[in-house]
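Structural description and commentary
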Amino acid sequence: MVNRTVDYGVYLVTDSTPAVLGDCSLTQVVEAALRGGVGIVQYRDKNCSHEDAVTTARELHVLTKRFDVPLLVNDRVEVAVEVGCEGVHIGQDDMSFDAARRILGSEKIIGVTVSCEEEAIRACEAGADYLGIGTVFATQTKKDTKSIIGPSGVSTILEALKESGHGAVPTVCIGGINNSNAASVLAHDGSSRKSLDGLAVVSALIAAPDPAAAARQLLGTVLTAKMPQVVRTVAGTTPLTHNMTNLVVQNFAANVALAVGASPIMANYAEEAPDLAKLGAALVINMGTITPDGLRNFIQALKAYNDAGRPVVFDPVGAGATAVRREAVQTLLAAGHYAVIKGNSSELLTVHGGPSVTERQRGVDSTAVLSISERARLARDIARQHSCVVLLTGPTDLISDGRRTLRVDNGHELLGMVTGTGCSLGTTVSAMVGAFGEDALVACLAATVLFGVAAEMAAVRPEVRGPGTFVPAFIDELYGIRKATTAGDLQWLSMAKVQVVNADEK
Ligand SMILES: Cc1ncc(COP(=O)(O)OP(=O)(O)O)c(N)n1
Ligand SMILES: Cc1ncsc1CCOP(=O)(O)O
């Protein structure tokens, strides 16, 4: 079993036949799909010689390594060995799992096709790294499919995996999936059934007129579908959120944490950090009311959480406003690693460094005027610079892990009229990242959309007449969404406005 984090969200399986690829270049199409956010690629060619397969796989491997994405080879274990790529995908009629594992060793990824419960459980028991469940819908791309299982067949297999204790094995489904049916394949009744980790597609990307745009759209659908899982995980595990935060927001942030199902502790004394990290907490470092003593405590706590491998959210409130804050930001960035850095444009311009930062920042409010594309690039660049997820807040929120960049257009202007909403979003992010460590980008997305949708719902309540009446309504809506989600009601999800963006676009 491999020990690497793989993003199975959008899984590209290649096809070099003219019927699917047309007269395009395979490497160019795969590169475009990678730019669109594909997280794993499988080279699948049923017809070419061993030599040609090795040549093409080598070309694809150069590309996938550039994007830090694994490349697998379909069926041909010997090609994978020669190329030294990250693994193989095998079907029920291909080389046995045990033989493939013996040849490849324990570090390589081996995925297995399954079309019924028995095959799925057997593959997990053998040690499959992930399962390709299908065929979901009849498809022109593969004509020799044994069974078309439909979304209900997928559900049956997922249920069986959970029941048999294999709920942690990643799963994708395959067969006839495209942008028009992806959401319905991923949607389920909201029960605690195991969720799919992603969708594997051939023609939806290889034959797309714009593979990058098609990949972005598919990724947006996959990420949106994962949000309820995050909300449910928080509700089901009550993660501890340790807040070293400012004087203004402590009570409000604690109430927001409780509303989303987390357990808040507001503790600014760093000696407590090792114990809290050991208890599985996530830490928020919020610079809102910075003092020399506070800074020392932040650094000590950051180290304790880094040592324990627990996530830290950095909220550099008012980062560029004063020389003291600018220096504190640099000190804190150099002191350790953050899972998430969250801030408005002005704050994140300071985090990023660069010219005229000070002129852009007044108090703790965002005064930086950047276009959406500039903000997307800023978030993406900081994410790469600090190997973290960046949440850049504003009327449109931007979220990036350096590879995938999203915009969220939920929220309401009343959020900006209440002090502490931004800081309590940081608290919520910490709860979500603490509970759903497998993908901090998805955790951040869930927190941001949850906030935005709850605000939209609260703002239209009849009793809400302004910021004062908005606050209790907002907390009630956060609580209501959590309760509805755990009960299987996902209506709020239809209000989510999430799009994957091209951060390279000028
Ligand atoms: C991710 C993924 N899932 C299933 C398959 C199908 O594999 P297989 O059953 O071996 O059929 P062929 O691809 O060999 O025609 C897959 N390739 N990828
Ligand atoms: C390889 C494979 N295995 C089951 S269906 C399939 C082909 C899927 O192709 P498409 O995504 O174009 O339907």
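The rules behind the values
- Residues numbered from 1 in each chain as written.
- Chains lettered and ligands numbered in written order.
- Predicted model: local features only at pLDDT ≥ 70, side-chain atom pairs only at ≥ 80, totals over all residues.
- Heavy atoms only, no water.
- UniProt positions renumbered as here; feature names shortened; annotations may be inferred.
- Pairing = 2+ DSSP bridges.
- Helix = DSSP H or I, 4+ residues; strand = E, 2+ residues; numbered from the N terminus.
- Axes fitted to C-alpha atoms, helices over the stretch in contact; angles between N-to-C directions.
- Contact = heavy atoms within 4.5 Å.
- Polar contact = N/O pair within 3.5 Å; in protein donor to acceptor, adjacent residues only side chain to side chain.
- Near = heavy atom within 4 Å.
- Areas by Shrake-Rupley, 256 points an atom, 1.4 Å probe, with all protein chains shown as cover.
- Nonpolar A, V, L, I, M, F, W, Y, C, P; charged D, E, K, R; others polar.
- Buried < 20%, exposed > 50% of the residue type's maximum accessible area, 1.4 Å probe, protein only.

The name given to the protein in an unreviewed UniProt entry is Thiamine phosphate synthase/TenI domain-containing protein, with the source organism recorded as Drechmeria coniospora. The UniProt entry for the protein carries the following text under Cofactor (unreviewed entry): "Mg(2+)". You can read under Function (unreviewed entry) in the UniProt record for the protein the words "Condenses 4-methyl-5-(beta-hydroxyethyl)thiazole monophosphate (THZ-P) and 2-methyl-4-amino-5-hydroxymethyl pyrimidine pyrophosphate (HMP-PP) to form thiamine monophosphate (TMP)."

What follows concerns the sheet that holds strand β7 (residues 171-174). Read around the closed barrel, 8 strands run β1-β2-β3-β4-β5-β6-β7-β8, paired in parallel fashion. If you compare each strand with its neighbour and ignore which way they point, the axes differ by 25 degrees on average. Sheet analysis places strand β1 (residues 10-13) next to strand β8 (residues 198-201), joined by 3 bridges and oriented parallel. Along β8, the bridge assignment pairs Y11 with A200. Here helix α3 (residues 50-66) sits on the sheet in contact with β2 (40-43) and β3 (71-74), set at roughly 170 degrees to β2. Helix-sheet contacts for helix α5 (residues 97-104) involve β4 (87-90) and β5 (109-114), and the interaxial angle to β5 is about 165 degrees.

Looking at the secondary structure, you find E86 in the loop between α4 (77-83) and β4. At 3.0 Å, the side chain of E86 and the side chain of H61 are in polar contact. One polar contact links the side chain of E86 to the main-chain amide nitrogen of L71, over a distance of 2.8 Å.

What surrounds ligand 2 is the set R44, T135, T139, T141, K142, I174, G175, G176, V201, V202 and S203. Between ligand 2 and G176, the relevant distance is 2.7 Å, taken from an oxygen atom to a main-chain nitrogen or oxygen of the residue. In isolation ligand 2 has 370 Å² of accessible area, and contact with the protein removes 94% of it. In the shell around ligand 2, the residues fall into 3 nonpolar, 6 polar and 2 charged.

Among the 5 residues that make up strand β16 (residues 389-393), 5 are buried, leaving the element largely enclosed by the rest of the structure. Side chains V389, L391 and T393 project from β16 onto one buried face, and the interleaved V390 and L392 project onto a second face that is buried too. The pairing of strand β13 (residues 340-344) with β16 spans 5 bridges and is parallel. Bridge pairing links K342 to L391 in β16. Looking at chain direction, β16 and strand β17 (residues 397-400) are connected through 3 bridges and run antiparallel. By the bridge assignment for β17, V390 is matched with S400. Connecting β16 to the antiparallel partner β17 that follows it, the hairpin turn spans 3 residues.

A separate point is the site of ligand 1. Neighbouring ligand 1 are 15 residues; Q42, R44, K46, T113 and K142 lie closest to it. Between H89 and ligand 1, the recorded distance is 3.4 Å, taken from a side-chain N or O atom to a nitrogen atom. A distance of 2.8 Å separates an oxygen atom of ligand 1 from a polar side-chain atom of T113. Of the residues in the shell around ligand 1, the class split is 4 nonpolar, 6 polar and 5 charged.

Note that the residue after G134, namely T135, is joined by a cis bond; omega there is 10 degrees. Examined against the element boundaries, T135 turns out to sit in the loop between β6 (130-134) and α7 (150-163). One non-glycine residue with positive phi stands out, namely D75, at about 65 degrees. For D75, the position within the fold is in the loop between β3 and α4.

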